[in-house]
Amino acid sequence: MALLKIESLRSLRDLVGSEVGLSDWFTITEDRISQFAEATEDRQWIHLDRERAQHESLYRTTIAHGFLTLSLISFFMKQAIQIQSGVRMAVNYGLNRVRFPAPVRVDSRIRGRFTLQSAKDLGDAVEAVFFVSVECEGSDKPYCVAEWIVRYYH
């Protein structure tokens, strides 16, 4: 799916209930997992010790942190949709119902899929709620699902 260019916040409201975007594939490398571990102080062996993971983990390799997968949704969104006018600033307002149904194995390719659930006027902003599914190439099961709340200030 190509970048969806949305004319304005008013046009965004017309898309409620629709799938609005699908990002490009992105490879989760061992280096990226290591950098995330350092940034978050989460150095659990299932993320960093490939040899141990081959022997002791159910997944037989290292896996990405769930929060690493989740943190990429804003990156994926930039590839999926662009509101062309009327937005002074976009703010990540929070998340609802976040789940990690499956692990992201090292060297997997993932992407984000976005459906606009709602868009309501707050006066100085529009609050959009997106259902986000992070999927992995070759798998039917999502790796992360969440409701993501973004406030677009005009």
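Residues numbered from 1 in each chain as written. Predicted model: local features only at pLDDT ≥ 70, side-chain atom pairs only at ≥ 80, totals over all residues. Heavy atoms only, no water.

A.B. asks: Looking at this structure, how should I read unusual backbone geometry?
C.D. replies: A negative phi angle characterises most non-glycine residues, just as the trans form characterises most peptide bonds. Located in the positive-phi region is Glu-41, a residue other than glycine, with phi close to 65 degrees. Summarising the element assignment, Glu-41 is placed in the loop between α2 (30-40) and α3 (45-48). For Glu-41, a relative accessible area of 55% puts it in the exposed group. A positive phi angle is found at Asp-107, which is not glycine, with a value near 70 degrees. Within the element layout of this structure, Asp-107 appears in the loop between β5 (89-99) and β6 (109-121). (Helix = DSSP H or I, 4+ residues; strand = E, 2+ residues; numbered from the N terminus. Buried < 20%, exposed > 50% of the residue type's maximum accessible area, 1.4 Å probe, protein only.)

A.B. asks: Even after reading the chapter, I still don't get α2, so can you show me in this structure?
C.D. replies: Residues that lie three or four places apart on an α-helix share one face, since the helix turns once every 3.6 residues. For α2, the complete set of buried residues consists of Ile-33, Phe-36 and Ala-37. Taken down its axis, α2 places every buried residue within 105 degrees of arc, on the same side. The secondary structure elements touched by the buried residues of α2 are α3 and α5 (66-71). Two residues or fewer after α2 comes Glu-41, characterised by a positive phi angle close to 65 degrees. (Arc of directions from axis to C-beta. Contact = heavy atoms within 4.5 Å.)

A.B. asks: Explanation requested: the environment of Gly-138 in the structure shown.
C.D. replies: Along the chain, Gly-138 falls in the loop between β7 (125-136) and β8 (144-153). The spatial distance from the C-alpha of Gly-138 to the C-alpha of Arg-109 is 8.9 Å, given a sequence separation of 29 residues.

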